[in-house]
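# A closer look at the structure
So you can see what is in the structure, the chains are spelled out below.
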Amino acid sequence: MSENKNIELNDDMMAKVSGGVSEANAPTPKYKVGDQVLLAEYPQFGAYSH
C-alpha cells in the first residue's frame, strides 16, 4: 500500500474512486429551516436562525 501513496491519479483511477456519504446515506438533519439555535461557544451572538 505504501508504494501507491504518492502517485498521480489519472481519469481512469478517479472513475473507480468511491467513498463519502451520498444523500441516501446522509443522517437526518438535527435542525429544520427556521429553527433558532443558540451557539454555546459564542453566546455573544445570541440566537441564530438557520
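Values in this document were obtained by computation on a predicted structure and should not be read as measured data.

When helices and strands are counted, the protein shows one helix and two strands. Along its sequence from the N terminus, the protein presents helices and strands in the succession α-β-β. Counting only carbon and sulfur atoms, one obtains 54% of the accessible surface of the protein, whose full area is about 5300 Å².

A cluster of nonpolar side chains, contributed by I7, L9, M13, M14 and V17, occupies part of the molecular surface with about 440 Å² of accessible area. As for its placement among the helices and strands, I7 is situated in the segment before α1 (11–15).

This next bit is on the environment of G46. Considering the arrangement of structural elements, one finds G46 in the loop between β1 (36–38) and β2 (47–49). Taking the relative accessible area as the measure of exposure, G46 reaches 24% and is therefore partly exposed. The spatial distance from the C-alpha of G46 to the C-alpha of Q36 is 9.6 Å, given a sequence separation of 10 residues. With sequence-adjacent residues up to four places away left out, G46 is seen in contact with V37, L38 and L39.

A few words now on the confidence of the model for the protein. Averaged over all residues, the pLDDT of the protein is 77; the fraction at 70 or higher stands at 80%. Mean pLDDT across the elements of the protein bottoms out in β2 (63) and peaks in α1 (84).

Cut-offs used in this document
Residues numbered from 1 in each chain as written. Predicted model: local features only at pLDDT ≥ 70, side-chain atom pairs only at ≥ 80, totals over all residues. Heavy atoms only, no water. Helix = DSSP H or I, 4+ residues; strand = E, 2+ residues; numbered from the N terminus. Areas by Shrake-Rupley, 256 points an atom, 1.4 Å probe, with all protein chains shown as cover. Patch = residues over 30% accessible without salt bridge, like charges linked within 9 Å, V, L, I, M, F, W, Y side chains within 5 Å. Salt bridge = Lys/Arg side-chain N within 4 Å of Asp/Glu carboxyl O. Buried < 20%, exposed > 50% of the residue type's maximum accessible area, 1.4 Å probe, protein only. Contact = heavy atoms within 4.5 Å. pLDDT = per-residue confidence, 0-100.

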